[in-house]
Amino acid sequence: MKAYYAIDEITTRRILELIQKCDSFCLDNVKFEYTGISSDVIFSMDKTKSGWVLVVVSMKVNTARELDEYKIVEGKLVYQYSERN
């Protein structure tokens, strides 16, 4: 299976930089949104005991909600799974 939402290089860099900032501020989570005409995308990062987890939720007009989950491993996004509701 592959991710529903393709994360571009600029967004990947922003996610990794936000995680570094969260670590420096002792924050355990952060969330941001991209909004557009055809879809809204929510990026949510949470720190767990085993490391950071990224959940990407894409809500397109007239379609189901799509969710992708990644782990952050050694400064890289590692795809875990996807689901559609």
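Residues numbered from 1 in each chain as written. Predicted model: local features only at pLDDT ≥ 70, side-chain atom pairs only at ≥ 80, totals over all residues. Heavy atoms only, no water.

## Some points on the packing of aromatic side chains
Counted by the stated rule, this structure contains five aromatic pairs. A centroid spacing of 5.3 Å and a plane angle of 70° characterise the contact between tyrosine 34 and phenylalanine 43, whose relative ring orientation is edge-to-face. Residues tyrosine 70 and tyrosine 79 carry aromatic rings whose centres are separated by 5.8 Å and whose planes lie at 70° to one another, so their mutual orientation is edge-to-face. By way of ring pairs, the aromatic residues Tyr5, Phe32, Tyr34 and Phe43 are connected into one cluster. (Phe/Tyr/Trp six-rings, centres within 6.5 Å; stacked < 30°, edge-to-face > 60°.)

## A short note on the pattern of salt bridges
The tally for this structure, following the rule as stated, stands at three salt bridges. Its salt-bridge partner being glutamate 66, residue arginine 84 comes within 2.3 Å of it at the nearest N-O pair. Remark: glutamate 66 occurs in strand β4 (residues 65-73) and arginine 84 occurs in strand β5 (residues 76-84); sequence separation between them is 18 residues. We classify glutamate 66 as buried; its relative accessible area is 4%. (Salt bridge = Lys/Arg side-chain N within 4 Å of Asp/Glu carboxyl O. Helix = DSSP H or I, 4+ residues; strand = E, 2+ residues; numbered from the N terminus. Buried < 20%, exposed > 50% of the residue type's maximum accessible area, 1.4 Å probe, protein only.)

## A word on the state of the cysteines
Enumeration over the complete set of coordinates arrives at zero disulfides. No disulfide involves cysteine 22; its sulfur sits 10 Å from the nearest other cysteine sulfur, which is in cysteine 26. The exposure class of cysteine 22 is buried, given its relative accessible area of 3%. Judged by relative accessible area, which is 67%, cysteine 26 ranks as exposed. (Disulfide = S-S within 2.5 Å.)

## As for the nonpolar core
Generally speaking, a soluble globular protein has its nonpolar side chains buried in company with each other. Grouped together as the largest cluster of nonpolar side chains are 14 residues, with contacts concentrated most on Ile7, Ile15, Phe43, Met45, Leu54 and Val56. Of all the secondary structure elements, the ones that give two or more residues to this core are α1 (9-24), β1 (29-35), β2 (39-48), β3 (51-60) and β4. Ignoring sequence-local partners within four residues, the contact set of leucine 54 consists of Ile7, Ile15, Phe43, Ser44, Met45, Asp68, Glu69, Tyr70, Ile72 and Leu77. Formed by five residues, the second largest nonpolar core is a distinct cluster that contains Ile42, Val53, Val55 and Leu67. (Core = buried A, V, L, I, M, F, W, Y, C linked by side-chain atoms within 4.5 Å. Contact = heavy atoms within 4.5 Å.)

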